[in-house]
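What follows is the residue order along each chain.
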Amino acid sequence: MSKMLSRVLVLSCKDCRQAWALDAMRDGGEAFSEAGGARVSDFEISVVIPVYNSEEYLGETLESVVAQTVGMDAVQVVIVDDGSTDGSAAICRSFQDRYPANVVFHQQPNGGVSSARNAGLDRASGRIVTCLDSDDQWTPGSFAYAVDFFDNQENNVDVLVGELTLFEGEDHTHPLAYRFPKDKDSIIRLGDRPCDIQSTIGNCFFLREAIGDIRFDEDLTTSEDTLFVNRVILRKCAYAVTPFCTYLYRKRQDGSSLSQVITYSKHMQNLDVCERMLEASRCAKGRVLPFAQAVALYIIGWQLLGKASDALSAEDAANWSAAVRKIVAGADVDVIANARWLTREKKIVLYRLKYGADVFKELIWVDRDRGLLDGMQLISMNAKAPCYLYEITPQNSTLHIEGTTDIDILGMPFELFVRDEKSGERFNAHLSPFPTDNRRTLAKESVCKGMRFTLDLPLEPERSFSFRVRFCGRAQEVILTPHYGNFAIFSQSMKRDYHRFGDVMVKHIGKQLRTYRATWRMAVASELRRWLEILRSKKGTPRLRFEYVWLRLCYRVHRLLFKKPIWIFGDKEWKAGDNAENVYRYAIKQSGYRDAKMYFALEKSSADYASVAKYGHVIDPTTFRYKLLFLLSSVVVSSRAEESMVNPYGPELVFVKDLMDYDFVYLTHGTLFGDLAFMLGKPAKKIKLFSVSTQMERNALLSEAYGYREDEVSLMGMARYDAYGDVHAQKKIAFLPTWRSNIAGKIIPGTSTREYVHHFKSTDFWKFYNALINDERLLDAMRRYGYTAEFYVHPAFEKQAGDFQGNELVQVGKGSADYERVLSESALMVTDYSGVGFDFGYQRKPVVYSQYDSVFSGGHTYGEDSYFDYDIDGFGPVTRTLKETVDAIIRYMENDCQMEPEYRRRADVMFGFSDYESSKRIFEGARALSERRRADGRAR
């Protein structure tokens, strides 16, 4: 009886202490035990969550804590509201009400993330501490695994690091992901592996006793977590990594994450963090440890070839360069050489900063491709950048090769050439500038001048071609490893690639291209070896690999039995009605051409499928038959150049790349009026005939940036313009704004569609355009003059269409616009920067350019170096506010939407044609291309 009474009293006392502690937590204070002021804690883990205006994501973050399998009884949640002005505080209080015994909620004036984290650390009482950002998450089993890990005394480390996975705005692999084994923990001892550093705090679990009095530097607003983590790790110079805990790090689609906005001052502060890290090592260990150097170089690596979000003055650039040189000068060369997270080009820049610009003149080349300095390998020519081939095609009796090289990055004069290993004959490359590939440091110092090269090699048997470079007039020839782009016929990952050009077979073997006299026996043997290589590959499932072997077999049979060329046309996979369908309709109905079998690519579920099938052959691009026809095709005509259009095989392209040999006729979806060389120039695309409608576009495409030849760019007009010839405009207004990549959903893998963005209605874009189409002054004028309107979002925003509110006069389209109908029927267009404004200019109808923001700061595809000035070249007025836009629209309605003389003059100057025969010109261009293939011996 006395024992039972004693137990009840003990429990009652514990309940009293917990109740007192609960009151303290509700007030944002702390609870201490009676003895010695130590914290009262029954928690295994304390989660510190700094919060600032995170109402959109905070609920998800907190629920990821609740979902932990360790149970809430083991978790203390310390939430610090750092002066939020949105609804974050209410979410925090609601969560505290749900878990009053677990949650400490502290509010403070805005002091920055470091101040908030420090306030959280001061209130954390768990044995283990983790810092969780208010828009991130931990996967459910992570906390339980961390507890078990630290219960194992044999581990003897203070820090456990879980895998970090990016989501939402980006989903690429983190550069430090290589440290994680697939199915076990690993202890990283930085004395042995100094480059295997830890850079972020979110995916860390700390023993609280190891943190001690270490706190975040509150004067830092960037890289403060890197410094904190590594000051803790310095204690034992070791930490653990585990694949069984995963931290989900959100890269916001709108670019508003703190880590996504990098100004000059932040770059300089990052360099200050580097110096503090080096000093922390001196203080703790008496010297700068290699791992501390690695931390500094990791930070420098992120900004070395980057850009600041604000412009750098000459003084800023000089200060940045001096600070970087000082840090790099003290770094050990083997730390630079062994850092897997530094790209080849960044390592080269760091060597030049450390040793001087002429360092590579001192290299000793061994094994004909490795450059050594004092016995340390600084560079290998096995990399992709020195010899990247993006086109290999026959031209009569020669093999024409085009590629890019970055050898200029070594800062030495060089000669690039191919040598025939059998005869010793040399074939010099013709070099030309490739400004799109120019690289500079953050301080605008030139690192490398991008270069393209072309080679013409004899297409005859018994040759062994190797790619070589010779530096500074030296006799030694350094051998390069050729790497192949998506549109070259070979692939780096497959060893049995081959391609037959008439009587000559070409294979890539090791670092060479070898030619043989083609025989049936060789062809059969080569194909069988290729099948075995595919079946033994680790790419895809066994069933998928077998499907591609079957695809190759079907290809071979069809090539033997059917000789008629195959042409494929396509706009979007799920929609017709753009330039390609207009050309296809002409080809089928009017051209009288019967020398090719022509198909139109369109998903069977498309609303346009039946209408196209009435007059042509429609093929579903999701089917096996389409993959076969695409492989057999000689000409592909499309208004889209996305990966899904030019490569229906996805990552399995390597299985059939040596068979694919079509010429791409690109019609463009709209007029090109800004620099898109990075996505439409060579080597990004292999376009054999680029159709344009203005001389402005043609001049740009023939520039060094794009790299196209005169015979590859043709002024033929926009095919969809043909449909405008017989249609009279109605009293309609078309609202057709373009998109913003920073608020668009991610592309759903395997498709061209994007995910729905839940916060879209909070963006300035939605607020402006929803207010515009519902403006009462505008609607009154539309009623007065008898106008209606249609509003369509850009296809990239298609899933957001339902977010906009229409009315009795303005209809909001729920999908992509029927551009042919909308652009022909409407009398006035309101857009911001969209290329469809050129369609109106071609019809000599006015455009209102409503530019409430800068689309370039908004993340549009085009950069600021546009060829088209809206104020000088546009086909209507440019407005900057909602009121100005409404005023302009009303003025046009008052004047029956007549285009003013000045805007008509601009349209007359812009366009190469004013007729409606573009489809005919484009078809004849494709036909001529097909004839040229025949002359080059590439008939299919």
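Residues numbered from 1 in each chain as written. Predicted model: local features only at pLDDT ≥ 70, side-chain atom pairs only at ≥ 80, totals over all residues. Heavy atoms only, no water.

- In the nomenclature of an unreviewed UniProt entry, the protein chain is known as Glycosyltransferase 2-like domain-containing protein of Adlercreutzia equolifaciens subsp. celatus DSM 18785.

### A closer look at the pairing of strand 15 (residues 414-420)
Item 1. Within strand 15, six of the seven residues are buried, leaving the element largely enclosed by the surrounding structure.
Item 2. Relative to strand 16 (residues 426-428), strand 15 is paired through three bridges, and the arrangement is antiparallel. By the bridge assignment for strand 16, F417 is matched with N428. (Buried < 20%, exposed > 50% of the residue type's maximum accessible area, 1.4 Å probe, protein only. Helix = DSSP H or I, 4+ residues; strand = E, 2+ residues; numbered from the N terminus. Pairing = 2+ DSSP bridges.)

### Examining a nonpolar patch on the surface
Item 1. Taken together, W520, V524, L528, L532, L535, F546, W550, L553, V557, L560, L561 and F562 make up a surface patch of nonpolar side chains, about 1200 Å² in accessible area.
Item 2. Looking at the nonpolar patch, the elements with two or more residues in it are helix 13 (520-536) and helix 14 (542-561).
Item 3. Element by element, the count of residues in the nonpolar patch is highest for helix 14, at six residues. (Patch = residues over 30% accessible without salt bridge, like charges linked within 9 Å, V, L, I, M, F, W, Y side chains within 5 Å. Areas by Shrake-Rupley, 256 points an atom, 1.4 Å probe, with all protein chains shown as cover. Salt bridge = Lys/Arg side-chain N within 4 Å of Asp/Glu carboxyl O.)

### Thoughts on helix 9 (residues 290-304)
Item 1. With 15 residues, helix 9 should reach 21 Å at 1.5 Å per residue; the first-to-last C-alpha distance of 20 Å fits that figure.
Item 2. Along helix 9, 13 of the 15 residues are buried, which leaves the element largely enclosed by surrounding structure. (Expected span 1.5 Å × (residues − 1).)

### Section: a positive patch on the surface
Item 1. A surface patch of like charges, here positive, comprises K495, R496, R529 and R536.
Item 2. Mapped onto the secondary structure, R529 falls in helix 13.
Item 3. In this structure R529 comes out as partly exposed when scored by relative accessible area, which is 34%. (Lys, Arg positive; Asp, Glu negative; His and termini not counted. Charge placed at Lys NZ, Arg CZ, Asp CG, Glu CD.)

### Focus on the side chain of Q137
Item 1. Take Q137: it is sitting in strand 5 (residues 137-138).
Item 2. Under the relative-accessibility criterion, Q137 is labelled buried at 16%.
Item 3. In terms of polar contacts, Q137 uses its side chain to reach the side chain of E60, at 3.2 Å.
Item 4. Other than its neighbours up to four places away in sequence, Q137 contacts E60, T61, S64, L132, F167, T246, Y247, L248 and R250. (Polar contact = N/O pair within 3.5 Å; in protein donor to acceptor, adjacent residues only side chain to side chain. Contact = heavy atoms within 4.5 Å.)

### Here we look at the sheet that holds strand 17 (residues 430-433)
Item 1. Taken together, five strands build an open sheet; the order of strands is 17-20-14-13-23 and the sheet is mixed. The open sheet terminates on both sides in strands that have one partner only, identified here as strand 17 and strand 23 (483-484).
Item 2. Pairing geometry for strand 17 and strand 20 (residues 451-458), over four bridges, is antiparallel. Residue pairing across strands places L431 opposite F453, the latter belonging to strand 20.

### Digging into helix 5 (residues 142-151)
Item 1. The element helix 5 is extensively covered by neighbouring structure, given that seven of its 10 residues are classed as buried.
Item 2. When we look at burial in helix 5, the residues that qualify are S142, F143, A144, A146, V147, F149 and F150.

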